[in-house]
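# Secondary and tertiary structure notes
Here are the chains, one letter per residue:
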Amino acid sequence: MSSIDILISSVLAFIMTAVGLSLTKRHFLVLLSRPKSLFLGLGLQIIILPVLAFIVTSFWNLPPEFAVGVIILAACPGGMTSNFISFFMKANTALAVSLTICNSTITMLSVPFYVGLALTTHLGETTSLSLPFWSAAGKIFLVVLVPVWIGITIRAYFPKTAVRLQRLLRGVSIILLGLLFLIKFFAPTESGGSGITLQEIGLILPVSLLINFLALSSGYTIARLFGRPVNDQVTLGVEVGIQNTNLAFLIAATLLGNDNLLKPALVYAMFSFFTALAYASILKPGELKKAVFFWRIEEGKQPES
């Protein structure tokens, strides 16, 4: 793991602690008692988005390796960044964290299936791919579960302190994430940067924007169709619209050993955070301004489910 990736994981763990400060055990009990949004989110992430990626790459004239990279990206759902946006916009954070935990297990089976199908479809290759389960589980435990548990514990024993910290950390966290994305994209390749060219960005960006639009739209449409409240609409759209680019990097560069396959994930990471934030701001107008300037903080408000 590069020094930049270690830095990103450390900052994400810090952010997940901030996320935990906004949660209590009751949030998860409410979610489990009414799990419709959880099942909808898993269906969108594990089935709908990869299928859309296969359809788009079948009709889009992309170089085959980039087409495979788009499908790899679509098969890697969610992650800590999407959890942060739900926290930042005061959406259903418990739903976001629960989706990350659930899909991290399911992708051990679904990702090898989609990657194998993509390689066969676009490159005429077959491969036997298996993801490092214990390594992935360990990262989820250290970067998601432990920090969230720390935040929930602080909230339980020091509620006033937790509320004050939320107000501070919401603003600090978004600045840190923005800086990390810039570092990842522009750093030299030997330090863990991208090494992508402007010509490659020009090829990949249009299809990436289309995939992102379809992802956000499908999250919103399905949530509305099934009568989910606004907070769930925000969370489901964001969870489908932001992909786990770190997992895509691992599959493309480390397990398959092909840097061209990871370039769609690099381009997608360049803008998807900001489009997801814009999507959330449209559904919850005014929340972004309140969060950035610390105008108000609500205590003990449960996300709708």
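Residues numbered from 1 in each chain as written. Predicted model: local features only at pLDDT ≥ 70, side-chain atom pairs only at ≥ 80, totals over all residues. Heavy atoms only, no water.

## Points about the pattern of salt bridges
Any two side chains of opposite charge can pair, on the condition that their charged atoms come close. Counted only if it meets this: Any Lys or Arg side-chain nitrogen located within 4 Å of an Asp or Glu carboxyl oxygen qualifies as a salt bridge. Helical segments are the DSSP runs of H or I of at least four residues, strand segments are the runs of E of at least two, and each set is numbered from the N terminus. Categorising residues by exposure relies on relative accessible area from a 1.4 Å probe, with only protein chains included: less than 20% of the type maximum marks a residue as buried, more than 50% marks it as exposed, and the intermediate range marks it as partly exposed.
Throughout the structure, instances matching the rule amount to two salt bridges. A salt bridge links K263 to E200; its shortest N-O distance comes to 2.8 Å. Remark: E200 occurs in helix α9 (residues 198-225) and K263 occurs in helix α12 (residues 263-283); sequence separation between them is 63 residues. Across the pair, exposure class does not vary: K263 and E200 are buried alike. Among the salt bridges present, the one from R228 reaches D232, with a minimum N-O distance of 3.8 Å. Across this residue pair, the class does not change: R228 and D232 are buried.

## Overview of unusual backbone geometry
Unusually for a residue other than glycine, K90 sits at a positive phi of about 55°. Of note, K90 is situated in the loop between α5 (80-88) and α6 (93-123). Taking relative accessible area as the criterion, K90 reaches 17% and is therefore assigned buried.

## Here we look at the packing of α5 against α12
Rules: Angles shown run from 0 to 180 degrees and are taken between the N-to-C directions of axes, each axis being a line fitted to C-alpha atoms and, for helices, limited to the stretch in contact. By definition in this entry, angles of less than 35 degrees are roughly parallel, angles greater than 145 are roughly antiparallel, angles of 65 to 115 are roughly perpendicular, and the rest are oblique. We call a crossing left-handed when the near helix sits turned anticlockwise from the far one by less than a right angle, and right-handed when that turn is clockwise. Here, two residues are considered to be in contact whenever any of their heavy atoms come within 4.5 Å of each other. Throughout this entry, Asp, Glu, Lys and Arg are counted as charged residues, while Ala, Val, Leu, Ile, Met, Phe, Trp, Tyr, Cys and Pro are counted as nonpolar. The remaining residues, Gly among them, count as polar.
Contact pair α5 / α12: the axes reach a minimum separation of 11 Å and the direction vectors enclose 30°. It follows from the interaxial angle that α5 and α12 lie roughly parallel. In this structure, the crossing between α5 and α12 has a hand that is right-handed. Along the contact surface, α5 presents T81, F84, I85 and F88, while α12 presents F273, A276, L277 and A280. Considered class by class, the residues forming the contact of α5 with α12 number seven nonpolar, one polar and no charged.

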